[in-house]
Amino acid sequence: MSSVRHPDRRNLGTKPTFTWLEEGALVQTLEDGSPVHHFALEDIRHVRLAAEMAGQTSQVVLRVTNSAGDEMVFGSMTFVSPGVFRGEYETFRALLTGLHEALLPYREQVEFVEGQSMAFMITMFVLGGLITLMGAVFFVVLFLMQENAYGLFLIPVTLMGGGLMRMFWPRGPQPYDPEKYRPENQFDKAETPGPSDAA
């Protein structure tokens, strides 16, 4: 088993990597070939797909965890410079579908889930709550108590905080069937496979 090498760089603080499938393993190295991770397929225990920010847009990120608790991460877009990401959709699609097909014999021991972690959801929900609270308090103080028209500018801030709370209402990742990402089950090849909340 072999696959194309998927290039990736998560952020400014990480080095570029290549990730690919070889016989019985998922492998990740640095550009110079230095090993980063080597996960035997039979040791993989958790696969999580989630939509994450990539500059002004979002990308699909796959997080794979083995029985020792080590995590391998790669996404559909790679960091170029602050705020700038380049799409690597073809190699990501090939690796994503190839990995799911390779893991089918081990599906009983692997947890496949889509969505952000509960800790991230709670953090963003709390942040949204703080923004809503601050916006509402300053609106009351400026507009209602001091009769200052600048208080009206706090209405969009309050609504933005409420929107964050709604978007990140705490809910754990949802399980999915790995058959969904087998190559023959994929939809239009122009699209990038990813979690249902990627849009």
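Please read these numbers as outputs of a predicted model, since none were measured by experiment.

1. Looking at the sheet that holds strand β7 (residues 71-75)
A sheet is described by the order of its strands in space; here 5 strands give the open sequence β7-β6-β5-β10-β11, paired in mixed fashion. The sheet is open, and its two borders are formed by β7 and β11 (174-175), each paired with just one other strand. Of the pairings in the sheet, the one linking strand β6 (residues 57-66) to β7 comprises 5 bridges and is antiparallel in character. Counterpart to Leu62 in the pairing with β7 is Phe74. With respect to the sheet, helix α1 (residues 89-103) is in contact with β5 (44-54), β6, β7 and β10 (111-114), its orientation differing from that of β5 by roughly 160°.

2. Points about the side chain of Gln28
With respect to the helices and strands, the residue Gln28 is situated in strand β3 (residues 25-30). Setting aside residues no more than four positions away along its own chain, Gln28 makes contact with Thr17, Phe18, Thr19, Pro35, Val36, His37, Met72, Val73 and Phe74.

3. Notes on the pairing of β3
Within β3, 5 of the 6 residues are buried, which leaves the element mostly enclosed by the surrounding structure. By the bridge criterion, 6 bridges tie strand β2 (residues 17-22) to β3 in an arrangement that is antiparallel. Looking at β3, one finds that Trp20 is bridged to Val27. Connecting β2 to the next strand, β3, in antiparallel fashion are 2 residues, including Gly24 with a positive phi near 75°. As judged from the 5 bridges shared by β3 and strand β4 (residues 35-40), these two strands associate in the antiparallel manner. Bridge assignment links Leu26 to a residue of β4, and that residue is Phe39. Taking the residues that link successive antiparallel strands as the turn, the β3-β4 hairpin has 4 residues, and the phi of Gly33 there is positive, at about 95°.

4. What about the packing of aromatic side chains?
Per the stated rule, a full pass over the model turns up 6 aromatic pairs. The interplanar angle of 80° and the centroid separation of 5.6 Å between the aromatic rings of Phe79 and Phe85 together place this pair among those described as edge-to-face. Taking the relative accessible area as the measure of exposure, Phe79 reaches 9% and is therefore buried. A connected cluster of aromatic rings, assembled from ring pairs, spans Phe112, Tyr176 and Tyr181. We note Arg5 situated over the ring of Trp20; from NZ or CZ to the ring centre the distance is 3.8 Å.

Reading guide: rules and limits
Note that residues are indexed from 1 along each chain, following the sequence as it is written. Local features in a predicted model are, by the rule used here, given only for residues with pLDDT of at least 70; side-chain atom pairs are given and counted only at 80 or more, and totals for whole chains, interfaces and linings are based on all residues. Side-chain metrics in this entry use all non-hydrogen atoms of the structure; hydrogen atoms and water are not considered. Two strands are said to pair when DSSP picks up at least two bridges between them. Helical segments are the DSSP runs of H or I of at least four residues, strand segments are the runs of E of at least two, and each set is numbered from the N terminus. Whether two residues are in contact is decided by their heavy atoms: any pair within 4.5 Å suffices. Axes, fitted as lines to C-alpha atoms, cover a helix only where it is in contact. Angles between the N-to-C directions of the axes lie from 0 to 180 degrees. Residue burial is assigned from relative accessible area. The probe radius is 1.4 Å, only protein chains are included, and a residue is buried under 20% of its type maximum, exposed over 50%, and partly exposed in between. Under the pairing criterion, centres of Phe, Tyr and Trp rings, with the six-membered ring standing for Trp, must be within 6.5 Å; the plane angle then separates stacked pairs below 30 degrees from edge-to-face pairs above 60, leaving the rest tilted. As a reminder, the over-ring test applies to NZ of lysine and CZ of arginine, requiring each to be within 6 Å of the ring centre and within 35 degrees of the ring normal.

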